[in-house]
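Chain residues, written in single-letter form:
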Amino acid sequence: MKNKCPPRCYCFQQPSKKRVVVNCYFSHRSKLPIQVPDFDNLDINLSRNKIKTVEYLIYLRRTKSIDLSYNRIVEIDPLIFEIKTLTIINLYQNRIKVLDKSVRQKSPCNVAFGEIKIVCTCEMLWIKIWLERGNSQSCNKNHVTCEIKSKQKDAMLLSKEDFCPVESNDSFFLIALPVATLLICFVIYQRFKYEIKLVVRKIQNQSNATIMNSEIDFDVHISLNIENNAGTAWAIHTLNVYLEQHGMKTCIPYRDFEPGGIQVEQIYKNIIRSRFYIVVLTEDYQESQFQNIEWNHLWSSFKCEVRKNIVVINFDALDSANINDRRLKAFCRLGYAFEFCNFDHRFFCNIRNSLNPFPRNNQNITYYSDKRSDQNINSDN
């Protein structure tokens, strides 16, 4: 019997009771023994030790009774209560504050907690039913005190409504209203976030009268799909000529790239070194991979530098519903895109005033109003 008997324990057989006793009473243990004698119907006494956690061990399936009273137990593996052969469990005088619903698989006459305090919620309604079952069997080994809303009450005296209180409609609306408001605001923002950003940017630009000096090479970066012949021809021979005639240095990517350079790097460098941006929006503007890269860099620079501006020219008179990119769509929805149709002969004048061009060595913004110049350029086109 000494074989596999835990240290500081006394193990012996009791044939008259058909059991094997493993007595580890007051053996200064902090956890369950790793092994016990290889017999069935074990009666294990681990009372008055320092055990804090009761873990599931395979020999518990050969155990009929276990005494864990007067320990420091705060946690018990729920699987222990599912062992059918383990019929008697003594847990008197411990520090248990949470009971798993697996406890209800055992008879309240065979599981002894003594007096314990637990936090009772709707999920703990089973404890009342379990205790009532013990009363009906005239075995009252447990007294459970429930903590509900900072109050302590006998679990047996609580009603279902005490365990599962129904929230009042007022409380529901107090919570639901701000949540719904936040949700609606979030949906609106997600749907119109670029429109909101453009409106905010316009307000910011109106409050800024100067532009910071920076190391730049170009006044205007013109973004276009060079595979669109009509848009490219107009941008180079009309728009570009007009801007240069009015003292602005322009950057057209394919024209101003260094021979043999990496296109993506040059796109990024030219955008950073430009003050303002013009997008010639055609139906096929974003069909090219490099065009998308260029547009993303334009937007990123525009977003990060509050004093920069993007002018969108709706060359093909696209409807906002036919524009996939939400940022470009926002320009058209808000009416910030310039329609190519020049009915009032102020097309180029409006573009210049939107760019706020000025000499590169001067911080003062100049606003233009040159109706005659617009008429001359359009007549040339």
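Reading the values: rules and limits
- Residues numbered from 1 in each chain as written.
- Predicted model: local features only at pLDDT ≥ 70, side-chain atom pairs only at ≥ 80, totals over all residues.
- Heavy atoms only, no water.
- UniProt positions renumbered as here; feature names shortened; annotations may be inferred.
- Phe/Tyr/Trp six-rings, centres within 6.5 Å; stacked < 30°, edge-to-face > 60°.
- Helix = DSSP H or I, 4+ residues; strand = E, 2+ residues; numbered from the N terminus.
- Buried < 20%, exposed > 50% of the residue type's maximum accessible area, 1.4 Å probe, protein only.
- Lys NZ or Arg CZ within 6 Å of the ring centre and 35° of its normal.
- Core = buried A, V, L, I, M, F, W, Y, C linked by side-chain atoms within 4.5 Å.
- Contact = heavy atoms within 4.5 Å.
- Patch = residues over 30% accessible without salt bridge, like charges linked within 9 Å, V, L, I, M, F, W, Y side chains within 5 Å.
- Areas by Shrake-Rupley, 256 points an atom, 1.4 Å probe, with all protein chains shown as cover.
- Salt bridge = Lys/Arg side-chain N within 4 Å of Asp/Glu carboxyl O.
- Lys, Arg positive; Asp, Glu negative; His and termini not counted.
- Charge placed at Lys NZ, Arg CZ, Asp CG, Glu CD.
- Pairing = 2+ DSSP bridges.
- Axes fitted to C-alpha atoms, helices over the stretch in contact; angles between N-to-C directions.
- Left-handed = near helix turned anticlockwise from the far one by under 90°.
- Nonpolar A, V, L, I, M, F, W, Y, C, P; charged D, E, K, R; others polar.

- Taking an unreviewed UniProt entry as the reference, the protein chain is identified by name as TIR domain-containing protein belonging to Mytilus edulis.
- Word for word, the UniProt comment on the protein chain under Subcellular location (unreviewed entry) is "Endomembrane system".

### A short note on the packing of aromatic side chains
Part 1 of the reasoning: Scanning all chains against the criterion turns up 14 aromatic pairs.
Part 2 of the reasoning: Ring centres of tryptophan 295 and tryptophan 299 lie 6.1 Å apart, and the angle between their planes is 50 degrees; on these two criteria the pair is classed as tilted. Residue tryptophan 295 and its partner tryptophan 299 are located together in helix α7 (residues 289-304), separated by four residues, close to a single helical turn.
Part 3 of the reasoning: Between phenylalanine 340 and phenylalanine 347, the aromatic rings sit 6.0 Å apart at their centres with planes inclined by 85 degrees, giving edge-to-face as the arrangement.
Part 4 of the reasoning: In this structure phenylalanine 340 comes out as partly exposed when scored by relative accessible area, which is 26%.
Part 5 of the reasoning: Phenylalanine 347 gets classed as buried once you look at its relative accessible area, which sits at 5%.
Part 6 of the reasoning: In this structure an aromatic cluster arises from ring pairing among Trp234, Tyr242, Phe315, Phe340, Phe347 and Phe348.
Part 7 of the reasoning: Its end group placed over the ring of tyrosine 70, arginine 48 keeps NZ or CZ at 4.1 Å from the ring centre.

### What about the nonpolar core?
Note on soluble globular proteins: their nonpolar side chains tend to be buried together.
Part 1 of the reasoning: Judged by nonpolar contacts, the single largest core of 47 residues is most densely connected at Leu32, Leu68, Leu91, Leu99, Phe113, Ile127 and Phe163.
Part 2 of the reasoning: Breaking this core down by element, the ones donating at least two residues are β2 (19-23), β3 (42-45), β9 (114-119), α1 (125-136) and β10 (142-148).
Part 3 of the reasoning: No other element matches the five residues that α1 contributes to this core.
Part 4 of the reasoning: The contacts of leucine 99, once residues within four sequence positions are left out, are Phe113, Ile116, Ile118, Met124, Trp126 and Ile127.

### Some points on the environment of lysine 84
Part 1 of the reasoning: Mapped onto the fold, lysine 84 is located in the loop between β6 (75-76) and β7 (88-90).
Part 2 of the reasoning: Classification of lysine 84 as exposed rests on a relative accessible area of 78%.
Part 3 of the reasoning: Put simply, lysine 84 and arginine 61 are 23 residues apart on the chain and 7.9 Å apart in space, counted from C-alpha to C-alpha.

### Regarding a negative patch on the surface
Part 1 of the reasoning: Negative charge collects at one region of the surface, where Glu227, Glu283, Glu287 and Asp316 lie side by side.
Part 2 of the reasoning: Residue position: glutamate 227 is located in the loop between β12 (218-223) and α4 (229-245).

### Here's the deal with the sheet that holds β2
Part 1 of the reasoning: Sheet architecture is open: six strands sit in the order β1-β2-β3-β5-β7-β8, paired in mixed fashion. Each edge of the open sheet carries a strand with a single partner, namely β1 (10-14) and β8 (111-112).
Part 2 of the reasoning: Alignment of β3 against strand β5 (residues 63-67), held across four bridges, turns out to be parallel. Opposite leucine 42, over in β5, you have threonine 63 as the bridge partner.

### Quick notes on the packing of α4 against helix α9 (residues 347-355)
Part 1 of the reasoning: Where α4 contacts α9, the two axes come as close as 11 Å, and the packing angle between them is 65 degrees. Note that α4 runs across α9; the crossing there is right-handed. On α9, the residues touching Trp234, Thr238, Leu239, Tyr242 and Leu243 of α4 are Phe347, Phe348, Cys349, Arg352 and Leu355.
Part 2 of the reasoning: Considered class by class, the residues forming the contact of α4 with α9 number eight nonpolar, one polar and one charged.

### Describing the pairing of strand β11 (residues 151-154)
Part 1 of the reasoning: Examined bridge by bridge, β10 and β11 share four bridges and lie antiparallel to one another. Following the sheet pairing, glutamate 147 is matched in β11 by glutamine 152.
Part 2 of the reasoning: Connecting β10 to the antiparallel partner β11 that follows it, the hairpin turn spans two residues, and lysine 149 within it adopts a positive phi of roughly 50 degrees.

### Side note on the sheet that holds β12
Part 1 of the reasoning: Strand order in the open sheet formed by five strands is β13-β12-β14-β15-β16, and the pairing between neighbours is parallel. Taken across any chain shown, the strands that pair with only one partner, and hence form the sheet edges, are β13 (250-251) and β16 (338-339).
Part 2 of the reasoning: Strands β12, β14 (274-281) and β15 (310-314) of the sheet are contacted by α7, whose axis makes an angle of about 140 degrees with β12.

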